[in-house]
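If you want the building blocks of each chain, they are given just below.
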Amino acid sequence: MLILYSMKWNILDNSLVTSHKSLITVLLKNRKLNTKKEIDDFLDPKNPSEIELRELKITKSSVQRIVKRLKIAKEKKEKIVVFGDYDCDGICATAILWETLYKLGFDAMPYIPDRFEEGYGIKTSSFVNTKLKSLNPKLIITVDNGIVAYDAIKEAKKRKIDLIVVDHHTKGDKQLKAYGILHSTMVCGSALAWFLANKVRPLNIASKRSDLNSGLDLVTIGTIADQMPLLGINRSLVRYGLPELAKTKRVGLQLMFKDLKLDSVGTYEVGYLIAPRINAMGRLDSATDSLRFLCTKDSKKAKDLNKLLNDTNSKRQKIVDEVLIKAIEKVNEDSVNTDKIIVISGNYHEGVIGLASGKITEKFYRPSIVLSENKEISKASARSIIGFNIIEAIKKTGLIIEGGGHPMAAGFSIETTKISEFRAKINKIGDKNLSEEILTKKLLIDLKINFNLINQELVDEIKKFDPTGQGNYSPVFVSKNVEVKEAKIIGQEGKHLKLKLSQNEIVFDAIAFGFANDQKLNANGVVSVAYTIEENVWNNKSSIQLKIKDIHLFD
């Protein structure tokens, strides 16, 4: 048997399933949903407004302390700054909390630092920044940052400014002595901002229960953009948030949806079309423009900002392509290609090194770190693979100046002279912890079925697993002894295949993205196919289509 791609197939259930009921049972089991409560919560997740903060491992007392401080701020008419981050989640978090405070009558202003002038997160230098200093806040609330801002908290206390941290990143080793802390790694920054906003709303007796879903459209964008696993609480947020996003009243998003010609808004549209445009400003220019885009009610401003975001995203795509070409050349030419962890540095645009790292990890299936070199201090972005905690490994080197992140993604700064030492140290860690099993890219397949089981009833059953995405992948099936009736190259660049596949005289159309370069796949061949099942709508007609994930060819 010839394997078209290098992925190893990991079939979770090797039995041939012959009924819809058995199929759904296996899908639930594969997602580690065994008890009636687990299954019910998955298939019918609770409304996010009913989720209690203790489910996020946040204590009632910590929330009460923050709300009490905000109540004092309102009574004293103190200036509040919501200090966010320049990525999509941070922008959404800033918008959610600032909008809530502003509507409730607080003297609040949003603030997003400049990636290139100020860097990530609040720090001691933030307090002498002209823009922030001019606001003269008595209370600062960080969102999507701050959980390791030890020095900034000391500086805030010196200046008699109370600092509240609302963050989901990994905690540091030392105790954080902020005035208040709202922390959980179970959800993203925008979700934490939303939960806090709902606790603050009762300070205004005019607030209605219907207000509780306000901002859920942005939580959905932040959750998907930050690649949170769509299970449990995140599943509830996105399941209820997607309809809110589809009917959003934000004029900027409405214009974006129209330009993108979106008939519906799902996890794909958010992750690959909407979030990148919001993210682009912070990567190349000022993320404050993305914040304005989300919050403005002025149609003219929204139109101008929508064009700016779209143009900047196009520019970002070109820069990423250029960086990626250079980076891949370096990986192939350098001794880096023998390292278990790819570490490359060069004169790369700081705003896109995270995207470049992600694409390198995807291509080579190894953890990767891309550094944007500067004379003294270099900035780095890292992406990992399942089974290797990248932020933990980075910290263990003991060489970084500052940094933070998650097991799968991280960012940090380092002295340029220490890059070679860093590469050697982190690869020693990689050699100990990255086995060949971890470094083998696997396609996770749920189970085996035959084509006679595929019909509209099955499509409707599979839809119950939506929204799918990170942590809750679309159900993947494998069918063997499938005949290729037709194989046509399609797409402007001729990279994809349109197939007609037959098994026991049952025929389905299939689409295989990126498979056109393999000349071994010909009509009349017999194959095993791994695929997802989707409903394809064309000219108001609906049909079932298979979306190919991988193909094994028989000799």
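Residues numbered from 1 in each chain as written. Predicted model: local features only at pLDDT ≥ 70, side-chain atom pairs only at ≥ 80, totals over all residues. Heavy atoms only, no water.

**Here's the deal with the sheet that holds strand S3 (residues 79-83)**
So, point 1. Reading across the sheet, the five strands line up as S4-S3-S5-S6-S7 and stay open at both edges, with parallel pairing between neighbours. For this open sheet the edge positions go to strand S4 (107-111) and strand S7 (180-183), each flanked by a neighbour on one side alone. On average, adjacent strands in this sheet sit at an angle of 15° to one another, irrespective of strand direction.
So, point 2. Across five bridges, the pairing between S3 and S4 is parallel. Pairing of Ile 80 across the sheet is with Ala 108, part of S4.
So, point 3. Contacting S3, S4 and strand S5 (139-143), helix H4 (residues 88-103) runs over the sheet at an angle of about 170° to S4. (Pairing = 2+ DSSP bridges. Helix = DSSP H or I, 4+ residues; strand = E, 2+ residues; numbered from the N terminus. Axes fitted to C-alpha atoms, helices over the stretch in contact; angles between N-to-C directions. Contact = heavy atoms within 4.5 Å.)

**Some points on the packing of aromatic side chains**
So, point 1. Under the criterion given, the structure shown has nine aromatic pairs.
So, point 2. Judged by centre distance (6.3 Å) and plane angle (85°), the ring pair of Phe 451 and Tyr 531 falls under edge-to-face. Of this pair, Phe 451 sits in the loop between strand S13 (442-448) and helix H17 (456-462) while Tyr 531 sits in strand S17 (residues 526-538), and the two are 80 residues apart along the sequence. Both residues of the pair, Phe 451 and Tyr 531, belong to the buried class.
So, point 3. In this structure an aromatic cluster arises from ring pairing among Phe 451, Phe 477, Phe 508 and Tyr 531.
So, point 4. The ring of Phe 106 has Lys 74 sitting right over it, with the charged end atom 5.6 Å from the ring centre.
So, point 5. The aromatic ring of Phe 42 is capped on one face by Arg 235, whose charged end is 3.8 Å from the ring centroid. (Phe/Tyr/Trp six-rings, centres within 6.5 Å; stacked < 30°, edge-to-face > 60°. Buried < 20%, exposed > 50% of the residue type's maximum accessible area, 1.4 Å probe, protein only. Lys NZ or Arg CZ within 6 Å of the ring centre and 35° of its normal.)

**Topic: the sheet that holds strand S10 (residues 377-383)**
What links the strands of a sheet is backbone hydrogen bonding, and the strands pair in either a parallel or an antiparallel sense.
So, point 1. Across the sheet, which stays open at both edges, the five strands sit in the order S8-S9-S10-S12-S11 with mixed pairing between neighbours. Each edge of the open sheet is held by one strand with a lone partner, namely strand S8 (342-346) and strand S11 (400-405). The mean inter-strand angle of the sheet, taken between neighbouring strand axes irrespective of direction, is 15°.
So, point 2. Here S11 pairs with strand S12 (residues 409-415) via five bridges, running antiparallel. If you follow Gly 404 over to S12, its bridge partner there is Gly 411.
So, point 3. Set on the sheet, helix H14 (residues 353-364) makes contact with S8, strand S9 (368-372) and S10; between it and S10 the angle comes to about 40°.
So, point 4. Contacting S8, S9, S10, S11 and S12, helix H16 (residues 419-433) crosses the sheet at an angle of about 170° to S8.

**Side note on the pattern of salt bridges**
Oppositely charged side chains can form a pair if their charged atoms are brought close together.
So, point 1. Within the structure shown, the criterion is met by 27 salt bridges.
So, point 2. Asp 41 serves as the salt-bridge partner of Lys 37, at 2.7 Å between the closest nitrogen and oxygen. Here Asp 41 and Lys 37 lie together in helix H2 (residues 36-43), a separation of four residues that amounts to about one turn.
So, point 3. Across the pair Lys 131 and Glu 118 runs a salt bridge, and its minimum N-O distance is 4.0 Å. Of the two residues, Lys 131 is situated in helix H5 (residues 130-135) and Glu 118 in the loop between S4 and H5; the sequence distance between them amounts to 13 residues.
So, point 4. Look at the salt bridges and you will find they share partners, linking Arg 69, Glu 78 and Asp 162 into a network. (Salt bridge = Lys/Arg side-chain N within 4 Å of Asp/Glu carboxyl O.)

**Focus on the pairing of strand S6 (residues 162-167)**
So, point 1. Where burial is concerned, most of S6 is hidden: five out of the six residues are buried.
So, point 2. With five bridges connecting them, S5 and S6 associate as parallel partners. Each bridged residue has a counterpart across the sheet, and for Ile 141 the counterpart in S6 is Ile 164.
So, point 3. The parallel pair S5 and S6 is bridged by helix H6 (residues 150-158), and the resulting crossover is right-handed.
So, point 4. Alignment of S6 against S7, held across four bridges, turns out to be parallel. Counterpart to Asp 167 in the pairing with S7 is His 183. (Right-handed = clockwise from strand over helix to strand, strands pointing away.)

**Quick look at the layout of surface pockets**
So, point 1. Size it by volume and the second largest pocket reaches roughly 1,100 Å³.
So, point 2. Taken together, 41 residues line the second largest pocket, and the ones lying closest to its centre are Glu 99, Arg 250, Leu 294, Cys 295 and Thr 296.
So, point 3. For the lining of the second largest pocket, the elements supplying multiple residues, two or more each, are H4, S4, H5, helix H8 (216-225), helix H12 (288-295) and helix H13 (299-333).
So, point 4. It is H12 that provides the largest number of residues to the lining of the second largest pocket, a total of five residues.
So, point 5. Class assignment for the residues of the lining of the second largest pocket results in 16 nonpolar, nine polar and 16 charged. (1 Å grid on protein atoms, 1.4 Å probe; cavity = no way out; pocket = protein on both sides within 12 Å on 5 of 7 lines; lining within 4 Å. Points joined across faces, edges and corners; volume = space filled by probe spheres on them. Nonpolar A, V, L, I, M, F, W, Y, C, P; charged D, E, K, R; others polar.)

**A look at the nonpolar core**
So, point 1. Membership of the largest hydrophobic core comes to 70 residues, with the highest contact counts inside it found for Leu 101, Ile 221 and Ile 274.
So, point 2. The leading source of residues in this core is H4, at nine residues.
So, point 3. Once residues within four sequence positions are removed from consideration, Ile 221 is found in contact with Cys 88, Cys 92, Leu 245, Leu 253, Val 270, Ile 274 and Ile 278.
So, point 4. One finds Val 482, Leu 499, Ala 516 and Tyr 531 within the second-largest nonpolar core, a separate group that totals 37 residues. (Core = buried A, V, L, I, M, F, W, Y, C linked by side-chain atoms within 4.5 Å.)

**Examining the confidence of the model for the protein**
Low-pLDDT portions of the prediction should not be read for the details of their coordinates.
So, point 1. Overall, the prediction assigns the protein a mean pLDDT of 92, with 95% of residues at 70 or greater.
So, point 2. Counting contacts from residues 1-5, a segment whose pLDDT is below 50, to residues more than four positions away or on other chains yields 19 contacts. (pLDDT = per-residue confidence, 0-100.)

**Observations regarding helix H9 (residues 232-246)**
So, point 1. Spanning 15 residues, H9 covers 22 Å between terminal C-alpha atoms, matching the ideal 21 Å at 1.5 Å per step.
So, point 2. Taken as a whole, H9 carries its principal kink of about 25° at Tyr 240; the proline Pro 243 stands between one and four residues after it.
So, point 3. Along H9, the residues classified as buried are Ile 233, Asn 234, Arg 235, Ser 236, Leu 237, Val 238, Gly 241, Leu 242 and Leu 245.
So, point 4. Packed against the buried residues of H9 are H2, helix H7 (189-200), H8, helix H10 (251-259) and helix H11 (267-284). (Expected span 1.5 Å × (residues − 1). Bend = angle between axes of the 7 residues up to and from the residue.)

**Details of a positive patch on the surface**
So, point 1. Together, Lys 154, Lys 157, Lys 158, Lys 174 and Lys 177 line one region of the surface with positive charge.
So, point 2. Mapped onto the elements, Lys 174 comes out in the loop between S6 and S7. (Patch = residues over 30% accessible without salt bridge, like charges linked within 9 Å, V, L, I, M, F, W, Y side chains within 5 Å. Areas by Shrake-Rupley, 256 points an atom, 1.4 Å probe, with all protein chains shown as cover. Lys, Arg positive; Asp, Glu negative; His and termini not counted. Charge placed at Lys NZ, Arg CZ, Asp CG, Glu CD.)

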